[in-house]
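# Analysis of the macromolecular model
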Amino acid sequence: MSAVEDHDAAAARASAGSPATPPGFDPAAVAAEIGRRIGVKVVRNQPLARLTTLRVGGPADLYVVARNAFELRALVRFARSRDIPHVLLGRGSNVVVADAGIRGLVIAVRAEGSRIEGERYLAEAGVPMARAATETSAAGLAGLEFGLAIPGTVGGAVWANAGAHGADVAAVLESATVLTADGREVQLGPSELGLAYRTSRLKVPSGPSDVTPPGRAAAPTEVVLAAAFRLRPDDPAAIRARLDEIRRWRREHQPLGLPSAGSVFRNPPGDAAGRLVEAAGCKGWQVGGARVSERHANFIVTDGRARAADVRRLAERVRAAVEERFGIRLEYEVVFLGDWPADDEPDGPDEGLMDPPPSPLPKRPSEVDR
Ligand SMILES: Cc1cc2nc3c(=O)[nH]c(=O)nc-3n(C[C@H](O)[C@H](O)[C@H](O)COP(=O)(O)OP(=O)(O)OC[C@H]3O[C@@H](n4cnc5c(N)ncnc54)[C@H](O)[C@@H]3O)c2cc1C
């Protein structure tokens, strides 16, 4: 089989609205070279919407799957050595991919090796956090139960210092194996990684922390290859009970089953973004196929016809409403990847913005926060 596949339909869509690829970037030649040197299949013009939980966005010029840490390392080193713009994609659960797609190379992290060593859990970057939670709890180890709530990978979770239900990566991470910008491979602990509320030093390499600069691919300067978690033995029945409670809470409070990217905004100090969005009357607001969830105001959900621009425009509208009402400018928790129009509001008129249905103000932050 050829090392290069082409998606014609996606290519046609891409050429309609996508800026040119970077000068000197020859996708066919790069794809062939990756196939030859690293032995992995490269897909040209790969649609990305289905590879994200929000289900919107255009294609990647080149798309490749790293099935183990060796391939991940090799692909990142190759892209760096050729100055090829590249973006890592875990499970795509915290990103909004632009309708025009992503120029350069998208590397999907599917390195999924894992093992338990005593009270430690060792996982490659592509291990789903939910699997980390179930594997460790089955072994009678406590600490990673919150992973059940995170539909992303170990690498994405370290990048975000993901957390839920009173726990986060920082609390259980012993160290992450990181490929640094200068090509070294180092073990970094939580403080060296700068893990803090939903952030890490991996998250802010080259621009504003909340939004990828429009029109620029987010080439990661540092890449998580694997992580080691330090857990503690506990009664399996108690662990199971905590997992059940997480499942129950999520079913009750989150719009599960509908495409979303989780919380759109970070919680500002001392408050919950969801409470502010709800109190500003934005629940139920809709732009095109994107809607502020009725169940959790900090979630934007999409239907099959949604475009990434709908999501962005709706999020900006919500942001403006909260700022006008409370004087608080919410920061994004989701990241916008790929080729976005230069201004904050994507092109086009504000058609489709619907008035919110009347809703009572939420009483306690815990009602709307996860
Ligand atoms: C329904 C739903 C519920 C959610 N609930 C929570 C929650 O309770 N708590 C919470 O914290 N988050 C939550 N999230 C957000 C999301 O799951 C987390 O942020 C998760 O950690 C993202 O992981 P990912 O693999 O999907 O990363 P992606 O979305 O694929 O990528 C996010 C960013 O991380 C970078 N990245 C990915 N892998 C690596 C790597 N190996 N090395 C370096 N950079 C990398 C990417 O380049 C990208 O910039 C939720 C999302 C959804 C859809």
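Quantities reported herein were computed from a predicted structural model and do not represent experimental measurements.

Glancing now at the overall build of the protein chain. Assigned secondary structure in the protein chain consists of 10 helices and 19 strands. Of all 370 residues assigned to the protein chain, the portion counted as buried reaches 49%. Here the contacts in the protein chain between residues at least 6 apart in sequence split such that 70% fall between residues at least 24 apart.

Taken together, 37 residues lie around the ligand, and Gly-90, Gly-152, Gly-155, Gly-156 and Gly-262 are the ones closest in. At the level of secondary structure, the elements contributing two or more residues to the shell around the ligand comprise strand E4 (86–89), helix H5 (154–160), strand E10 (163–164) and strand E14 (223–230). In terms of residue count, H5 provides more of the shell around the ligand than any other element does, five residues in total. Across the shell around the ligand, the residue classes tally to 21 nonpolar, 13 polar and three charged.

What follows covers the sheet that holds strand E16 (residues 286–287). Spatially, three strands are ordered E16-E17-E18 in an open sheet, and the strand pairing comes out antiparallel. Each of the sheet's edge strands pairs with one partner strand only, and the pair in question is E16 and strand E18 (300–302). As paired elements, strand E17 (residues 290–292) and E18 share three bridges and run antiparallel to each other. Pairing of Arg-291 across the sheet is with Val-301, part of E18.

Here we have five strands laid out as an open sheet, ordered E7-E8-E14-E12-E13, and antiparallel in their pairing. Across the chains shown, the open sheet's two edge strands, defined by having one partner strand only, are strand E7 (114–117) and strand E13 (185–188). The mean inter-strand angle of the sheet, taken between neighbouring strand axes irrespective of direction, is 15°. Here four bridges tie E7 to strand E8 (residues 120–124), and the two strands are oriented antiparallel to one another.

A rise of 1.5 Å per residue sets the reference length of helix H3 (residues 69–81), with its 13 residues, at 18 Å; its end C-alpha atoms lie 18 Å apart and thus fit the reference within 8%. Directly after H3, the chain includes Asp-83, whose backbone phi takes a positive value near 55°.

Attention now moves to unusual backbone geometry. Its identity is not glycine, yet Arg-55 carries a phi of approximately 65°, on the positive side. Here Arg-55 lies in the loop between strand E2 (42–47) and strand E3 (59–66). Despite not being glycine, His-165 shows a phi value in the positive range, around 55°.

Let us look at the confidence of the model for the protein chain. Summarising the model, the protein chain shows a mean pLDDT of 86, and 82% of its residues fall at 70 or more. Scored below 50 in pLDDT, residues 8–20 makes 21 contacts in the model with residues more than four places away or belonging to other chains. This stretch, residues 205–217, has a pLDDT under 50; its non-local contacts, to residues over four places away or in other chains, come to 30 contacts.

Of all eight residues in E14, six are buried; the element is thus mostly enclosed. Pairing of E8 with E14 involves five bridges; the strand directions are antiparallel. Residue Ala-123 lies in a different strand from E14, and its bridge partner there is Ala-227. When strand E12 (residues 173–179) meets E14, the two strands line up antiparallel, connected through six bridges. Across the sheet, the residue bridging to Leu-179 is Val-223, located in E14.

When you line up the elements, Leu-258 lands in the loop between helix H7 (236–253) and helix H8 (273–279). The partly exposed category is assigned to Leu-258, around which 17 C-beta atoms lie within 10 Å. Sequence spacing of Leu-258 and Thr-53 is 205 residues, and the spatial spacing of their C-alpha atoms is 8.9 Å.

Here we take up the environment of Val-64. Within the secondary structure, Val-64 sits in strand E3. Here Val-64 is in contact with Ile-34, Val-40, Val-42, Leu-75, Leu-105 and Ile-107, once residues within four sequence places are set aside.

Okay, the packing of helix H2 (residues 27–38) against H3 next. Running from amino to carboxyl end, H2 crosses H3 at an angle of 140°, the nearest separation of the two axes being 11 Å. In terms of their interaxial angle, H2 and H3 are classed as oblique. Between H2 and H3 the crossing geometry is right-handed. The residues of H3 that touch H2, namely those facing Ile-34, Arg-37 and Ile-38, are Glu-71, Ala-74, Leu-75 and Phe-78. Taken together, the residues of the contact of H2 with H3 sort by class into five nonpolar, no polar and two charged.

Conventions and cut-offs
Residues numbered from 1 in each chain as written. Predicted model: local features only at pLDDT ≥ 70, side-chain atom pairs only at ≥ 80, totals over all residues. Helix = DSSP H or I, 4+ residues; strand = E, 2+ residues; numbered from the N terminus. Buried ≥ 20, exposed ≤ 12 C-beta atoms within 10 Å, placed from the backbone. Contact = placed C-beta atoms within 7 Å. Near = placed C-beta within 6 Å. Nonpolar A, V, L, I, M, F, W, Y, C, P; charged D, E, K, R; others polar. Pairing = 2+ DSSP bridges. Axes fitted to C-alpha atoms, helices over the stretch in contact; angles between N-to-C directions. Expected span 1.5 Å × (residues − 1). pLDDT = per-residue confidence, 0-100. Parallel < 35°, antiparallel > 145°, perpendicular 65-115°, else oblique. Left-handed = near helix turned anticlockwise from the far one by under 90°.

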